[in-house]
Amino acid sequence: MWLKIAKGVLKYRWILLSALILFSSYMAIEASKVKLSYDFARAIPTDHPKYQQYLDFKKTFGEDGNLLTIGFQSDSFFTLKNFNANQHLQDVIQKINGVEDIISVERAVYLARNDSSSKLVATRIFPAEIKNQVELDSLKHVFLSLPFYRGLIYNPATNAYLMGIRINKEILGSKERERTVGEIEAAATSFSNETKLDLHLSGLPLIRTNVAIKIANEMKWFLLGSLALSALILFIFFRSLSTVMLSLGVVIIGVIYSLASIHMLGYKITLLTALIPPLIVVIGIPNCIYFLNKFHASYIKTGDKKQSIVDMISKMGVVTLFCNISAALGFAVFALTKSVVLKEFGVVAGINIMLLFFITIILVPISLYYMKAPKSKHVQYLYNKWLLALLTSIEKWVFAHQKMVYIATAALLIVSIAGIFKLKTQSFIVDDLPKEDRIYTDLRFFETHFKGIMPLEIIVDTKRKNGIAGTRALTVYEKVDAYSQQIASHASIAKPLSLAEGLKFAKQAFYDGDSNNYSMPNAFDGAFLADYMKPGQSSNSNGSSLQKLMSSFVDSNRQTTRISVNMADLGSEKMPMLIDSLQKEAYIHFDSTKYNIHLTGSSITFLEGSIFIIQGLKESILWAFLFISLCMLYLFKNLRILVCSLIPNLIPLVMTAGLMGWVGINIKPSTVLVFSVALGIAIDITIRFLVNFKQELPVARGDIKQTVVLTIRDTGISIVYTSLVLIAGFIIFAFSGFGSTQALGWLTSFTLYTATLTNLILLPVILVLIKKLDIN
């Protein structure tokens, strides 16, 4: 069959080449339309109850992850120069497209009792222009007398101050967010240069935007780096510029297809899908090496270029097809998980790895047909002295040191298994960023001075319409206040914000601003504060940032209210314990028969998403083994060969897991990903070795020893060269600014290195052992 395909490719070369060019042109147009994703919550399945609760929350109360925070620490904040500079900074930021409002010290309000209208009037404490230090000191005294703001936008113990910038959700969902966040950062930098204050910026809008920009930049650099490195290695091997350009042409077309398919499937570029273009380069180059290696070997024997091309396709076509199928399966199994981002990654990677095969089998043979015949320098790599010496050394280990191979393998497995027991499951929202990255250090600033800024929302549902209306409302808010105080006792949670705090603020105002009256109103006080307790109303027609914030804490049916909390990035190990504790504490204050309490927000969706990704990746490894095993069984139709093929690929995975345990690398989405990726790629080496072994067996007249020698000498050269390309290609990822990409880089390189050794040494030893067992 493959002989017919080989002749058909050459016979219909113009039709195939024209179709490839036309299709590639169309895909290039589609690739230009691909967009970045700014969403972190998509790891969790859309039908998951936690995600549905989060959507309901956003529908009722609005976005929870659209607050960008600016903070700094200074004991000279209330000097006239710095304070006015801060005022100016906020005026500049307010004018930036997408900024809805700002919550800060400068825009803080106090409530004043107006006896004539029986209203509490909200007025800004600090006017737009403050003339002298005496006036500022007087207003500062008023501000500091309001406990409402303490711990919310300033920390008196550390002289730290916070500014919250709320950004429009439509802007956050578009590319325009980059300009909005960039202009805010530029304004903050200008302020910092003027006042010499070290500003810290954080919040999900900033983190998501900057991470998305980093992803896009890294994808470009890694793509260029992988292409340049591959070109260098190919030129060293083949000493032919035309051969290098041919190989690069194959992978560049593959990259175009991968970007186009992301757009055509309705996906966007995420941290995972951004890895696909460089992976296409890394996986596509070995296809070219194997094809070219077989072409050169055949040309040396026949001297006939056309016959060599036919031999190349007929011998390497089936091998390359099954290698690409196994690699595609290693990625495509992610589509079986419940995580949206993993499904997208699996679908795109699986499709494009298979497309690589068709690109290779069309472009390489047709291009070779029109290229000049290879010269002696182009095939010199087949006689490389150090490589031949390496293969001779491998033969000695296979036949003279079999016991040492078994002992070394067993020892490494024992050490690796011991390391596996040290593995821990742990991930953080900013886990992928290096500890010295500004995003990471700024987040730690807010955790130190304000206990964190990661949003957590607690929904109190009274289970009936108007459950928070009239006299019933006071009872509900008394419970909310008691619960809030217990929440605040947790070291990793900032001061909770709820309408209970607003009522205490109103009571203080009712009693002429006396801070001793900052407490929950009683029944007598409630009669005078009834108007304030009605959601959505403001005693000031102009409104304020504070009032807008407080009016979004009760739904339109007056059935549910929220407690908004900021917390530290605790990680997936500690966060479930905290969430469980908060859930139990809630029902200490609220009767479960009358109230329903649930926790939601971006922090919850992140936690659930991490859990699903890790579980999905673990499942994907099992699926990958199953499908690859079926593929190997179909190819070789022999159970013993199937077992032989799996052992050399299981051992590297066990060793990688053990290494992670010994060096303290946690199990998280980025590290679990390594196993499926490495398995799908490493199995290629096994397939090529065993297929060649099967082809050489008749030549050696069934002599296993001679067949192993011929296979090592024939396939060993290609395996070593392609392994070098793969390892070098993945090592590039180790220079990423993301921990997940770094882990994918060096852990996959380590896995492929060990897989090369096990397939070149352990696999032949096992084949020889099987023959001995048959004889006995």
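What you are looking at is a predicted structure, and each value in this text was computed from that prediction instead of being measured. Think of each chain on its own: its residues are numbered from 1, step by step along the sequence as written. It should be noted that, the model being predicted, local features are given only for residues of pLDDT at least 70 and side-chain atom pairs only at 80 or more, the latter also being counted only at that level, while totals for whole chains, interfaces and linings use all residues. Only hydrogens and water are removed before side-chain values are computed, so all heavy atoms of the structure are retained for them.

Further remarks concern the packing of aromatic side chains. Put simply, two rings from Phe, Tyr or Trp (the six-membered ring, in Trp's case) pair if the centres are within 6.5 Å, and we call them stacked under 30 degrees between planes, edge-to-face over 60, tilted for the rest. In total, this model carries 34 aromatic pairs according to the counting rule given. Relative to F83, the ring of F77 lies with its centre 5.5 Å away and its plane at 55°, an arrangement referred to as tilted. The same class applies to F77 as to F83, namely buried. Between Y483 and F590, the ring centres sit 6.1 Å apart and the planes meet at 85°, which makes this aromatic pair edge-to-face. Placement of Y483 in helix α16 (residues 471–488) and of F590 in the loop between α21 (575–589) and β10 (596–600) is noted, with a sequence separation of 107 residues between them. Taken as a pair, Y483 and F590 share a single burial class, namely buried. A connected cluster of aromatic rings, assembled from ring pairs, spans F72, F77, F78, F83, F126, F143, F148, Y149, Y154, Y161, F191 and F505. Taking the ring centre of Y290 as reference, the NZ or CZ of R688 above it sits at 3.4 Å. Geometrically, a lysine NZ or arginine CZ counts as sitting over a ring once it is within 6 Å of the ring centre and also within 35 degrees of the ring normal. Across the ring face of F399, the terminal group of K705 is positioned such that the distance to the ring centre comes to 5.3 Å. The rule is simple: take the accessible area with a 1.4 Å probe, protein chains only, and divide by the maximum for that residue type; under 20% is buried, over 50% is exposed, in between is partly exposed. Secondary structure elements are defined from DSSP: runs of H or I of at least 4 residues count as helices, runs of E of at least 2 residues count as strands, and each element is numbered from the N terminus.

pLDDT is a per-residue confidence score from the predictor, ranging from 0 to 100. Mean pLDDT over the chain works out to 84, with 94% of the residues at or above the 70 mark. A low-confidence stretch, residues 532–546 (pLDDT under 50), is modelled with 31 contacts involving residues beyond four sequence positions or located in other chains. In this description, contact between two residues means that some pair of their heavy atoms is separated by no more than 4.5 Å.

This part covers helix α4 (residues 80–94). The end-to-end C-alpha distance of α4 is 21 Å, a good match for the 21 Å that 15 residues give at a rise of 1.5 Å each. If you check which residues of α4 are buried, you get N82, F83, A85, N86, Q87, L89, Q90 and I93. Of the surrounding secondary structure, the elements contacted by the buried residues of α4 are β1 (67–73), β2 (99–103), β4 (119–124), α5 (133–144), β6 (160–167) and α7 (176–195). Take the number of residues in a helix, subtract one, and multiply by 1.5 Å to get its expected span.

What the three strands build is an open sheet, ordered β9-β8-β10; its pairing is antiparallel. Of all the strands in the sheet, just β9 (560–567) and β10 have a single pairing partner and so form its edges. Shown here is a sheet whose adjacent strand axes are inclined to one another by a mean of 20°, direction ignored. Two strands make a pair as long as DSSP finds a minimum of two bridges between them. For strand β8 (residues 454–461) and β10, the ladder comprises five bridges, and the chain directions are antiparallel. Looking across to β10, one finds that I458 is bridged to L599. Note on geometry: axes are C-alpha line fits, over the in-contact stretch for helices, and angles between N-to-C directions span 0 to 180 degrees. α21 contacts β8, β9 and β10 of the sheet and is inclined by roughly 160° relative to β10. With respect to the sheet, helix α22 (residues 602–636) is in contact with β8, β9 and β10, its orientation differing from that of β8 by roughly 105°.

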